[in-house]
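# Architecture and fold: a report
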Amino acid sequence: MNALLNKTTLTFIAFVACPILGLVTAVMGLVMIFTDNVVMGVVFLVVLTQVFIFGGLWATLKRRSLTEDSSGQ
């Protein structure tokens with residue numbers, strides 16, 4: 001499992017994948033709200049967008065701890 005969570009993978013997750021997916025789900029939630037599918041739109045905005053935000057924060061913190069460990073500080 002540690003081989004999958006190296007610094008390069010965590011960088012991609014934290015700075016590319018999660019922000020793009022969070023933006024896409026936020027826009028999709030707004031589109032759903034504007035097209036009268038309010039319940040699913042709110043679910044997209046409140047739940048899914050927050051999952052990607054916290055996923056990006058987790059990956060950033062995990063990457064930072066791996067970077068500090070390898071530098072010997």
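Throughout this document, residue positions are counted from 1 along each chain, in the order its sequence is written. For this predicted model, a pLDDT threshold of at least 70 governs which residues receive local features, and a threshold of 80 or more governs which side-chain atom pairs are given and counted, while totals over whole chains, interfaces and linings are taken from all residues. Only hydrogens and water are set aside when side-chain values are computed; all heavy atoms of the structure are taken into account.

On to the side chain of Thr25. A helix here means a DSSP run of H or I that spans at least four residues, while a strand means a run of E at least two residues long, and both kinds are numbered starting from the N terminus. The topology assignment puts Thr25 in helix 1 (residues 7–34). Think of it in three bands: with a 1.4 Å probe and only protein chains considered, a residue is buried below 20% of the maximum accessible area for its type, exposed above 50%, and partly exposed in between. With relative accessibility at 10%, the residue Thr25 sits in the buried group. Engagement of the side chain of Thr25 in a polar contact is seen with the backbone oxygen of Gly22, the distance being 3.0 Å. By the convention used here, residues are in contact when the closest approach between their heavy atoms is within 4.5 Å. Once you skip the residues sitting within four places of it in the chain, Thr25 turns out to touch Phe44, Leu48, Thr49 and Phe52. Identification of polar contacts relies on pairs of N or O atoms within 3.5 Å, with a donor-acceptor requirement for protein atoms, meaning one able to donate a hydrogen and the other able to accept it, and with residues adjacent in sequence counted only if both atoms are side-chain atoms.

Attention now goes to unusual backbone geometry. The phi dihedral of Asp36 is positive, around 65°, even though this residue is not glycine. Secondary-structure assignment places Asp36 in the loop between helix 1 and helix 2 (38–71).

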